[in-house]
Amino acid sequence: MGRWKATDDILLVNNVEQTKDLELVHETVKFTCRFTLEEVTTRWYALLYDPVISSHAKQAICNLPHEVAKEYHAKTLFSDAEEEILAAIPSSSNCKDLFEDMLRKNILIFHHSRTAEMLVKHWKMMKFYCLLCDQAPSEDMLVSDDEDLASSATAANNSPSKGMTPTNHDLDTELKICQQRELLEIYKVERELEKSRSDMRAAGLLHDDTDKRVTAILQGRVVRFLMQSKEITFGRQTDQNIVDVDLSLEGPANKISRRQGQIKEQANGEFIIINEGKRPIYVDGRAVLQDAKAKLVHNSVIELATLRFSFRIQ
C-alpha cells in the first residue's frame with residue numbers, strides 16, 4: 001500500500017463520496033502524509049478500478065481496531081445534502097431530541113458515522129457563520145460588528161500595550177466580521193442577479209427556456225452529468241475538441257475517443273445513444289458498435305472502457 005494507510009483510505013473514500021470533489025478533499029482533509037492532488041486522484045481511481053488494490057485496501061480497513069475506524073469515519077466532511085437539512089432548523093432551536101429525531105428520519109442522507117452530538121456541533125457552527133435558512137446576513141449586524149472592531153482597534157492603539165501580538169479573541173472577531181462581510185456580498189449579488197433576470201424577462205430579453213429543465217441524468221461513481229438539451233455529445237475532451245460531457249472527469253478515459261458519441265431525445269420523448277467512436281459502447285450488456293445506435297430507458301447501464309454510468313430519465 002506504500003504511503004497510503006488504511007485510515008487514509010477511509011478518509012479518501014468517505015469524503016469523496018460526500019463532496020464529489022477530489023480537489024476539495026485534497027485541500028481540506030488531513031491525511032497521514034502530505035499527498036499531492038495527483039496522488040489523491042490516482043489513489044481514488046485505483047480504489048475504484050483496480051480490483052487488487054481495492055481488495056487489499058478493504059482488507060486493511062477491516063483489520064483496523066473498531067475504535068480507530070470509528071474515529072476516522074467521524075472525520076467525514078458534511079455533504080451539501082446534510083447541511084441543507086441542518087440549515088432548515090431554526091436558529092432559536094435548543095433541543096437535542098430534535099437532532100436525534102432528524103437523524104432517524106434522514107438515515108439515508110446522513111453519513112453512518114453521524115451522531116446527534118455531531119449534528120448539534122455542526123449546526124452551531126453553521127449558526128455562528130449565519131448559514132441557517134432563517135439567518136440572512138444583515139447590513140445592521142455588519143455595521144455593528146465593524147464599529148465594535150473599530151472601537152477595539154482604537155482602544156488597542158491608545159493602550160500602553162500597543163505593538164503587542166493580537167489575542168486569539170481579536171483574531172476570531174476579525175475573522176467573523178470578514179466572513180459576515182463575504183456572506184453579505186454574496187447575498188447582495190444573488191438579489192441583484194435575480195432582479196436583473198426579472199427585468200430582462202419583463203423586457204422580453206430573457207425567456208423561460210434559458211432555465212433549462214433537466215430531462216435526464218448520466219450518473220457515474222464520481223460525478224453526474226445533467227442533460228438539459230435535446231442532444232448532447234460525450235467523449236474525452238481536449239483543447240481542440242469540446243464535448244458536452246467530458247468522461248475524463250469520471251475516471252481514466254485514455255481509451256475513449258475524443259468524440260465518442262451522442263445522446264438524443266427524440267420527438268416521441270424516447271432517448272437514443274449513438275456511438276461515433278471506434279470502441280464499442282455497452283448498453284445494458286449489449287454492444288453498440290461504431291455508427292450504430294441503441295434505445296436508452298430509465299436506469300439503463302452504459303459502459304465505456306472502464307467507466308460505468310446509469311442513465312436516469314427525469
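Note that this is a predicted model, so its numbers are computed, not measured. (Residues numbered from 1 in each chain as written. Predicted model: local features only at pLDDT ≥ 70, side-chain atom pairs only at ≥ 80, totals over all residues. Heavy atoms only, no water.)

1. Quick notes on the overall build of the protein
- Scanning the protein from N- to C-terminus turns up 10 helices and 11 strands.
- Within the protein, buried positions represent 36% of all 314 residues.
- In the protein, 54% of the contacts between residues at least 6 apart in sequence involve partners at least 24 apart.
- Accessible surface for the protein amounts to roughly 19,600 Å². Of this, 52% is attributable to carbon and sulfur atoms. (Helix = DSSP H or I, 4+ residues; strand = E, 2+ residues; numbered from the N terminus. Buried < 20%, exposed > 50% of the residue type's maximum accessible area, 1.4 Å probe, protein only. Contact = heavy atoms within 4.5 Å. Areas by Shrake-Rupley, 256 points an atom, 1.4 Å probe, with all protein chains shown as cover.)

2. Thoughts on the nonpolar core
- Membership of the largest hydrophobic core comes to 46 residues, with the highest contact counts inside it found for Leu12, Phe31 and Ile273.
- Ignoring sequence-local partners within four residues, the contact set of Leu12 consists of Trp4, Val25, Phe31, Val40, Arg43, Trp44 and Leu47.
- Ranked by size, the runner-up nonpolar core spans 15 residues in total, among them Phe99, Met102, Leu103 and Met126. (Core = buried A, V, L, I, M, F, W, Y, C linked by side-chain atoms within 4.5 Å.)

3. Some words on unusual backbone geometry
- Here the phi dihedral of Asn299 falls at roughly 70°; this positive angle occurs in a residue that is not glycine.
- Residue position: Asn299 is located in the loop between strand 9 (293–296) and strand 10 (300–304).
- You will see that Ala305, though not glycine, has its phi angle at about 55°, which is positive.
- Structurally, the position occupied by Ala305 is in the loop between strand 10 and strand 11 (307–313).

4. Focus on a nonpolar patch on the surface
- On the surface, Ile107, Leu108 and Ile109 cluster together into a nonpolar patch covering about 370 Å² of accessible area.
- Relative to the helices and strands, Leu108 resides in the loop between helix 7 (96–105) and helix 8 (116–128). (Patch = residues over 30% accessible without salt bridge, like charges linked within 9 Å, V, L, I, M, F, W, Y side chains within 5 Å. Salt bridge = Lys/Arg side-chain N within 4 Å of Asp/Glu carboxyl O.)

5. So, helix 4 (residues 51–62)
- Its 12 residues place the ends of helix 4 16 Å apart at the C-alpha level, agreeing with the 16 Å of an ideal helix rising 1.5 Å per residue.
- If you check which residues of helix 4 are buried, you get Ser54, Ala57 and Ala60. An end-on view of helix 4 places all buried positions within 130° of arc, on one side of the element. Of the exposed residues in helix 4, the ones pointing more than 90 degrees away from its buried face are Pro51, Lys58 and Cys62.
- In the core, the buried residues of helix 4 are packed alongside helix 1 (6–19) and helix 3 (37–49).
- You can read the cap of helix 4 off the contacts: a side-chain oxygen lies 3.0 Å from the backbone nitrogen of Val52, and it is on Asp50. (Expected span 1.5 Å × (residues − 1). Arc of directions from axis to C-beta. Polar contact = N/O pair within 3.5 Å; in protein donor to acceptor, adjacent residues only side chain to side chain.)

6. Concerning the packing of helix 1 against helix 4
- At a minimum axis distance of 9 Å, the contact between helix 1 and helix 4 shows a crossing angle of 105°. Viewed along their axes, helix 1 and helix 4 adopt a mutual orientation that is roughly perpendicular. Residues Ala6, Asp9 and Ile10 of helix 1 form the contact with helix 4, whose own contacting residues are Ala57, Ala60 and Ile61. (Axes fitted to C-alpha atoms, helices over the stretch in contact; angles between N-to-C directions. Parallel < 35°, antiparallel > 145°, perpendicular 65-115°, else oblique.)

7. Considerations on the layout of surface pockets
- As a volume, the largest pocket reaches approximately 630 Å³.
- Residue lining of the largest pocket: 21 residues in total, with Gln18, Leu77, Phe78, Ser79 and Arg114 positioned closest to the centre.
- Residue assignment for the lining of the largest pocket shows that the elements contributing at least two residues are helix 1, helix 2 (22–28), helix 6 (80–87) and helix 8.
- With four residues, helix 8 is the largest single contributor of residues to the lining of the largest pocket.
- In terms of residue class, the lining of the largest pocket is built from eight nonpolar, six polar and seven charged. (1 Å grid on protein atoms, 1.4 Å probe; cavity = no way out; pocket = protein on both sides within 12 Å on 5 of 7 lines; lining within 4 Å. Points joined across faces, edges and corners; volume = space filled by probe spheres on them. Nonpolar A, V, L, I, M, F, W, Y, C, P; charged D, E, K, R; others polar.)

8. Some words on the confidence of the model for the protein
- With 75% of its residues at a pLDDT of 70 or more, the protein has an overall mean of 80.
- For the protein, helix 9 (residues 139–158) is the element with the lowest average pLDDT, namely 48, and strand 6 (residues 271–275) is the one with the highest, namely 95.
- Low pLDDT (under 50) marks residues 138–146, which in the prediction has 14 contacts with non-local residues, meaning those over four places away or in another chain.
- Under a pLDDT of 50 for its full length, residues 159–163 has, in the predicted model, two contacts with residues more than four places off or in other chains. (pLDDT = per-residue confidence, 0-100.)

9. Some details on the packing of aromatic side chains
- Counting across every chain of the model gives seven aromatic pairs.
- Ring centres of Phe31 and Phe35 lie 5.7 Å apart, and the angle between their planes is 70°; on these two criteria the pair is classed as edge-to-face. Across the pair, exposure class does not vary: Phe31 and Phe35 are buried alike.
- Ring centres of Phe225 and Phe309 lie 6.3 Å apart, and the angle between their planes is 55°; on these two criteria the pair is classed as tilted. Taken together, the residues span a long stretch of sequence, with Phe225 in strand 2 (residues 224–227) and Phe309 in strand 11 at a distance of 84 residues. Judged on exposure class, the residue Phe225 and its partner Phe309 are both buried.
- Among the aromatic residues, ring-to-ring pairing joins Trp4, Phe31 and Phe35 into one connected group.
- Just above the ring of Tyr72 sits the side chain of Lys75; from NZ or CZ to the centre is 4.2 Å. (Phe/Tyr/Trp six-rings, centres within 6.5 Å; stacked < 30°, edge-to-face > 60°. Lys NZ or Arg CZ within 6 Å of the ring centre and 35° of its normal.)

10. With respect to the sheet that holds strand 6
- Ordered in space as 4-3-5-6-9, the five strands form an open sheet in which the pairing is mixed. Of all strands in the sheet, those with a lone pairing partner are strand 4 (245–246) and strand 9, marking the two edges.
- Pairing of strand 3 (residues 231–235) with strand 5 (residues 261–265), which is carried by four bridges, proceeds in the antiparallel orientation. Its bridge partner being in strand 5, Ile232 is matched across the sheet by Ile263. (Pairing = 2+ DSSP bridges.)

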